Amino acid sequence: MEITNKQKELFSSLLIDWHSVDNKRSLPWKNEKDPYRIWLSEILLQQTRALQALSYYLNFIDAYPTISDLANAQDDDVFRLWQGLGYYNRCKNMLQTARYIANELNGNFPNTYIDLLLLKGIGPYTAAAIASFAYNLPHAVVDGNVYRVLARYFGIDIPIDTGEGKKLFADLANGLLNKENPANYNQAIMDLGATVCLPANAQCTACFLANNCIASKQDSISLLPVKSKKTKVRTRFFHYILFVKEEKIWIQKRTEKDIWQNLHEPYLIEHNQPLSLTELQIQETFKTINIPAEELNYLGASKQKLSHQIIEARFFLAKINKEKSINLINGSWLTQSEQKKIAFPKTVFSFLQNNFILLFFLIVNCLI
Ligand code: SF4
């Protein structure tokens, strides 16, 4: 499809007019010029809604006002602050990049698009955001909001997850960019996607683009943008055993290259299907721990949806007599106050928190 220069100019000027007069979206990182703060906000916003990222942003800025503060922080403290936000690789990459900039670049944030792209955890979108917001460099952001607005306004049905689609949208976005004020343009299109051209509930009647928007005119809003592949989601079954001994719970760190790397959890038995109490007790991994089967109790279950996985977690309690030694390696017995200093996956954290009274009762009972 051919998009004329006139169509592009109209889109850009309508967008900038809206941004200067009617865009009321207010967020603490908007109009920010400090590359550290912009980078932090963009990392937090990846795969996360602005409303959810907001409190995390404020907490991070409060705890680590400069990149050196973040670089010098303890891993566990940073992961604990990140807890609940998901996609923990972002946190790991963020720490690595902070330390690289603080130690190798004397704390100076790179100031070109290409140098930004070289940093861990920074892709074309984040590099364009930092380059334009901090340094006013002419690089267009292309994220989910931008795909949606452009696909609908120009009526583009080429799948956004193909090489052809990615190139087409990147070229179009850069062609539409206001080179005099890329920061304003990028902010405007992101805000439009986040507040007006919403994924499931586009506000066309209130949209200043409606008269020229192809999807609005052709009633094809729900069909755009197009994706070629459906995300495959697999379900995993986690069986957590809370070993409790003298007011402490046995906790291990997840070190494998898998979801939740660097977070903490109770003893885990993963299986390809949910196991009942009896089935769990006959698992080889359970038998090696060397505790009598009758000391195991079912506590409850929870479920957490990730982008490509569903985690169905079941929780069991095993009260361990203080004299008894059991076969557990690579973990530690932690008190409640020690547990507060480390990060847990959301499903584990919520379960421990929601069942605190029950657990406390059982722990006290097990000491009698
Ligand atoms: S008119 Fe509707 S579909 Fe078109 S850009 Fe505006 S909100 Fe999106």
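What you see is a predicted model, and the numbers here were worked out from it, not measured in a lab.

Rules of the game
Residues numbered from 1 in each chain as written. Predicted model: local features only at pLDDT ≥ 70, side-chain atom pairs only at ≥ 80, totals over all residues. Heavy atoms only, no water. Domains from an automatic or database assignment. Buried area = accessible area lost by both parts, 1.4 Å probe. Salt bridge = Lys/Arg side-chain N within 4 Å of Asp/Glu carboxyl O. Phe/Tyr/Trp six-rings, centres within 6.5 Å; stacked < 30°, edge-to-face > 60°. Helix = DSSP H or I, 4+ residues; strand = E, 2+ residues; numbered from the N terminus. Buried < 20%, exposed > 50% of the residue type's maximum accessible area, 1.4 Å probe, protein only. Axes fitted to C-alpha atoms, helices over the stretch in contact; angles between N-to-C directions. Parallel < 35°, antiparallel > 145°, perpendicular 65-115°, else oblique. Contact = heavy atoms within 4.5 Å. Nonpolar A, V, L, I, M, F, W, Y, C, P; charged D, E, K, R; others polar. Near = heavy atom within 4 Å. 1 Å grid on protein atoms, 1.4 Å probe; cavity = no way out; pocket = protein on both sides within 12 Å on 5 of 7 lines; lining within 4 Å. Sits in = over half its atoms within 2 Å of the grid points. Polar contact = N/O pair within 3.5 Å; in protein donor to acceptor, adjacent residues only side chain to side chain. Left-handed = near helix turned anticlockwise from the far one by under 90°.

**Student:** Account for the domain arrangement of the protein chain, naming residues and giving values.
**Tutor:** Bring the parts together and some accessible area is lost; that lost area is often taken as the interface size. One can read the domain layout of the protein chain as domain 1 (5-223) and domain 2 (234-367). In this structure, domain 1 and domain 2 have C-alpha centres spaced 38 Å apart. Interface area for domain 1 against domain 2, summed over the two sides, is near 1000 Å², with a carbon-plus-sulfur share of 49%. It is Arg80, Gln83 and Tyr88 in domain 1 that bury the most area against domain 2; as a group they hold 49% of the surface buried on that side. Where domain 1 packs against domain 2, one counts one salt bridge.

**Student:** Please give an account of the packing of aromatic side chains that cites residues and values.
**Tutor:** Applying the stated criterion to the full structure yields 17 aromatic pairs. Where Tyr147 meets Phe169, the ring centres are 5.2 Å apart and the plane angle is 80°; that geometry is what we call edge-to-face. Here the residue Tyr147 occupies a position in helix H9 (residues 144-154), and Phe169 occupies one in helix H10 (residues 163-176), the gap between them amounting to 22 residues. On the basis of relative accessible area, Tyr147 is assigned to the buried category, the value being 15%. The buried category is assigned to Phe169, whose relative accessible area is 1%. One aromatic cluster is present, built from ring pairs that chain together Phe238, Tyr240, Trp260, Phe315 and Phe351.

**Student:** Residues and numbers for the packing of helix H3 (residues 50-63) against helix H5 (residues 75-82), please.
**Tutor:** Two quantities define a packed helix pair, namely the angle between the axes and the distance from one axis to the other. In contact at an axis separation of 10 Å, H3 and H5 are set at 155° when each is read in the N-to-C sense. The pairing of H3 with H5 is recorded here as roughly antiparallel in orientation. Residues Tyr56, Asn59, Phe60 and Ala63 of H3 touch H5, and the partners they reach there are Val78, Leu81 and Trp82. Its residues assigned to classes, the contact of H3 with H5 shows six nonpolar, one polar and no charged.

**Student:** Give me the lowdown on the site of the ligand, citing residues and values where you can.
**Tutor:** Around the ligand, the surrounding shell consists of Arg152, Cys197, Cys204, Cys207, Ala210, Cys213, Ser216 and Ile221. Spatially, the ligand is embedded in the largest cavity. Looking at side-chain class alone, the shell around the ligand contains six nonpolar, one polar and one charged residues.

**Student:** Account for the side chain of Ser132, naming residues and giving values.
**Tutor:** The topology assignment puts Ser132 in helix H8 (residues 124-135). Among the polar contacts made by the side chain of Ser132, one reaches the main-chain carbonyl oxygen of Ala128 at a distance of 2.9 Å. If we ignore the near neighbours within four places in the chain, the residues touching Ser132 are Leu137, His139, Pro182, Ala183 and Asn186.

**Student:** Would you mind going over unusual backbone geometry in detail, with residue names and values included?
**Tutor:** At the junction of Leu224 and Pro225, the peptide bond is cis and its omega measures out at 0° in the coordinates. The residue Asn31 is not glycine, and still its phi comes out positive at about 65°.

**Student:** So, the packing of helix H1 (residues 5-21) against H9: which residues are in play, and what are the values?
**Tutor:** Direction vectors running N to C along H1 and H9 enclose 130°, while the axes themselves pass 12 Å from each other. Taken together, the axis directions place H1 and H9 in an arrangement best described as oblique. Judged by the twist between their axes, the crossing of H1 over H9 is right-handed. Seen from H1, the contacting residues are Gln7, Leu10 and Phe11; seen from H9, they are Val149, Leu150, Tyr153 and Phe154. Split into classes, the residues belonging to the contact of H1 with H9 amount to six nonpolar, one polar and no charged.

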